[in-house]
Amino acid sequence: MTAGRKPLIAGNWKMNLNHLEAIATVQKLAFALNDKDFDRADVAVLPPYTDLRSVQTLVDGDKLRILYGAQDLSPYDGGAYTGEISGAMLAKLGCTFVTIGHSERRQYHREDDELVNGKVLAAHRHSLTPILCVGEGLEVRRSGGHVAHSVAQLEGALRKVPAEQAASIVLAYEPVWAIGTGEVATPADAQEVCGALRSRLAELYDGEVAAAVRILYGGSVKSDNIAGIMAQPDVDGALVGGASLDAAEFARICRFGETSG
Ligand SMILES: O=C[C@H](O)COP(=O)(O)O
């Protein structure tokens with residue numbers, strides 16, 4: 001965490017919580033957080049598509065400071081693409097963010113860098129902020145290729161993305177071996193890759209872009225390990241999976257593990 005970049009804590013619900021459960025969870029989260037918490041960090045939830053309209057109605061109706069977004073989008077803007085959801089549809093639902101290139105999409109849906117790049121461009125066409133995920137699997141980590149692997153995914157995703165758009169993205173470094181496994185990367189592991197991603201942004205664009213981009217860590221983040229991660233200079237927040245389904249625990253994470261806001 002470095003002064004000048006507001007931290008972001010985003011909860012990726014994955015394929016959990018229906019729209020009624022979403023309403024209850026967002027209400028609990030809003031109740032658990034206060035203005036001081038929201039001044040200190042942006043807080044976002046990333047529910048399944050089917051929950052978004054309910055979350056929008058609640059956030060707008062109660063004027064909540066909770067941000068929200070989707071977990072994916074189509075690279076296309078409309079047409080005969082059965083099952084897909086466009087950036088325009090998400091923008092109409094008031095989404096701020098959209099997760100792109102999550103390792104579960106790369107692994108289970110064979111998304112490659114070219115498709116991820118198409119989705120980043122689509123998000124920008126509709127003024128959505130991509131939360132662009134990169135990160136290595138266990139074998140790559142064991143062979144010491146984790147920095148090169150994550151940097152290559154970043155380069156692939158940002159092809160043809162101009163500087164002013166690159167400056168507004170959020171990056172998430174998620175080592176695949178730490179996702180949902182309870183195996184958390186050490187704060188030094190997170191810093192090593194997040195720092196390298198920022199340096200590469202400075203080379204691809206310039207120092208201003210590199211300094212503007214928020215970089216999150218994701219992988220078994222909990223209220224008892226977030227503080228060490230947030231203490232790293234190039235880590236600006238967290239992308240939280242399992243622990244974001246429990247509003248009280250997620251609120252503690254949003255406070256970086258401190259007991260009161
Ligand atoms: O998007 C979130 C990550 O995949 C982390 O998930 P996790 O916190 O359940 O390990």
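The structure displayed is predicted, hence computed values, not measured ones.

Scoring rules and cut-offs
Residue positions are given per chain, counted from 1 along the sequence in the order it is written. A pLDDT threshold of at least 70 governs which residues receive local features in this predicted model, and a stricter bar of 80 or more applies before side-chain atom pairs are shown or counted, although totals over entire chains, interfaces and linings include all residues. To obtain the side-chain values, all non-hydrogen atoms of the structure were used and water was disregarded. The way it works is that DSSP assigns letters per residue, a run of H or I at least four long becomes a helix, a run of E at least two long becomes a strand, and they are numbered from the N terminus. All radius of gyration figures rest on C-alpha atoms, and the globule criterion is 2.2 Å times the number of residues raised to 0.38. Only protein chains enter the accessibility calculation, which uses a 1.4 Å probe; a residue whose area is less than 20% of its type maximum is buried, one above 50% is exposed, and one in between is partly exposed. Segmentation into domains, and thus their bounds, comes from an automatic or database assignment. Joining two parts hides part of their accessible area as seen by a 1.4 Å probe, and the buried area is that hidden amount summed over both. A pair is scored as a salt bridge if a Lys or Arg side-chain nitrogen falls within 4 Å of a carboxyl oxygen belonging to Asp or Glu. Residues adjacent in sequence count toward polar contacts only when both atoms are side-chain atoms; beyond that, a polar contact is any pair of N or O atoms within 3.5 Å, and within protein one must be able to donate a hydrogen and the other to accept it. UniProt positions are given in the numbering used here, feature names are shortened, and annotations may be inferred rather than shown by experiment. Note on contacts: a residue pair qualifies if any of its non-hydrogen atoms lie within 4.5 Å across the two residues. A helix is expected to reach a length of 1.5 Å times the quantity of its residues less one. The nearness test applies per residue and asks whether one of its heavy atoms lies within 4 Å of the molecule or strand. Note on areas: these come from Shrake-Rupley sampling with a 1.4 Å probe, and a residue is covered only by the protein chains present in the view. The nonpolar class holds Ala, Val, Leu, Ile, Met, Phe, Trp, Tyr, Cys and Pro. Asp, Glu, Lys and Arg form the charged class, and all remaining residues, Gly among them, are polar. Whether two strands pair depends on DSSP finding at least two bridges between them. Helix axes are fitted only over the stretch in contact, all axes being lines through C-alpha atoms; the angle between N-to-C directions runs from 0 to 180 degrees.

**Points about the overall build of the protein chain**
Check the secondary structure of the protein chain and you find 13 helices and 8 strands. What you see for the protein chain is a C-alpha radius of gyration of 17 Å, in line with the 18 Å of a compact globule of 261 residues. Along the three orthogonal principal directions, the C-alpha set of the protein chain runs to about 50 × 45 × 35 Å. Relative to its 261 residues, the protein chain shows a buried fraction of 52%.

**Some points on the domain arrangement of the protein chain**
When the parts of a complex come together, some accessible area is lost, and that lost area is often taken as the interface size. When the domains of the protein chain are assigned, the result is domain 1 (1–42 + 49–97) and domain 2 (109–121 + 134–210). Using C-alpha coordinates to define each centre, domain 1 is positioned 22 Å away from domain 2. Here domain 1 packs against domain 2, burying approximately 530 Å² in sum over the two surfaces, 57% of which is carbon and sulfur. Between Asp 72 and Lys 119 there is a salt bridge; the shortest N-O distance is 2.9 Å. Taken together, the connections running from domain 1 to domain 2 amount to 2 residue pairs in polar contact (both at pLDDT 80 or more).

**Quick word on the UniProt feature "active site" (unreviewed entry) in the protein chain**
Mapped onto this structure's residue numbering, the UniProt feature "active site" (unreviewed entry) falls at His 102 and Glu 174. Their sequence span is 73 residues, while the largest C-alpha to C-alpha distance among them is just 8.4 Å; these annotated residues converge on one region. Relative to the assigned elements, His 102 resides in the loop between strand S4 (97–100) and helix H5 (103–108). In this structure His 102 touches Asn 12, Lys 14, Cys 133, Glu 174 and Ile 179, once residues within four positions along its chain are discounted. Within the local environment of His 102, its side chain forms a polar contact with the backbone nitrogen of Glu 104, the two atoms lying 2.9 Å apart. Considering the arrangement of structural elements, one finds Glu 174 in the loop between strand S6 (170–173) and helix H10 (187–204). Given a relative accessible area of 5%, Glu 174 falls into the buried group.

**As for unusual backbone geometry**
Of note, Lys 63 is a non-glycine position whose phi angle comes to about 50°, a positive value. By secondary structure assignment, the location of Lys 63 is in the loop between helix H3 (52–61) and strand S3 (67–70). According to the relative accessible area criterion, Lys 63 is exposed, its value standing at 70%. Even without being a glycine, Arg 110 presents a positive backbone phi close to 50°. Along the chain, Arg 110 turns up in the loop between H5 and helix H6 (113–125). Arg 110 sits in the exposed class, given a relative accessible area of 74%.

**Digging into helix H8 (residues 146–157)**
In this model H8 runs 17 Å from its N-terminal to its C-terminal C-alpha over 12 residues, within 8% of the 16 Å that 1.5 Å per residue would give. The set of residues buried in H8 consists of His 146, Ser 150, Val 151, Gln 153, Leu 154, Gly 156 and Ala 157. Check the buried side of H8 and you find it contacts H5, H6, strand S5 (129–134), helix H7 (138–142), S6 and H10.

**Observations concerning the site of the ligand**
Asn 12, Lys 14, His 102, Glu 174, Ala 178, Ile 179, Gly 180, Gly 219, Ser 220, Leu 239, Gly 241 and Gly 242 make up every residue found near the ligand. Here Asn 12 contributes a side-chain N or O atom positioned 3.0 Å from an oxygen atom of the ligand. Between Ser 220 and the ligand, the recorded distance is 2.8 Å, taken from a backbone N or O atom to an oxygen atom. Within the complex, the protein chains bury 95% of what would otherwise be the 310 Å² of accessible surface of the ligand. When grouped by side-chain class, the residues that make up the shell around the ligand number 3 nonpolar, 7 polar and 2 charged.

**Re the pairing of strand S7 (residues 214–218)**
Of all 5 residues making up S7, 5 are buried, and the element is well covered by its neighbours. The alternating pattern of S7 places Arg 214, Leu 216 and Gly 218 and Ile 215 and Tyr 217 on opposite faces, both of which are buried. Bridge count between S6 and S7: 4 bridges; the pairing is parallel. Counted as the bridge partner of Leu 171 is Ile 215 from S7. When S7 meets strand S8 (residues 237–240), the two strands line up parallel, connected through 2 bridges.

**As for the sheet that holds strand S1 (residues 8–12)**
Spatial ordering of the closed barrel is given by S1-S2-S3-S4-S5-S6-S7-S8, a layout of 8 strands whose pairing is parallel. Averaged over all neighbouring strand pairs, the angle between strand axes comes to 25°, with direction disregarded. In this sheet, S8 lies alongside S1 in parallel orientation, the contact comprising 4 bridges. The residue bridging Gly 11 from the neighbouring strand is Val 240, located in S8. Running at roughly 155° to S1, helix H13 (residues 247–254) makes contact with S1, strand S2 (42–46) and S8 of the sheet.

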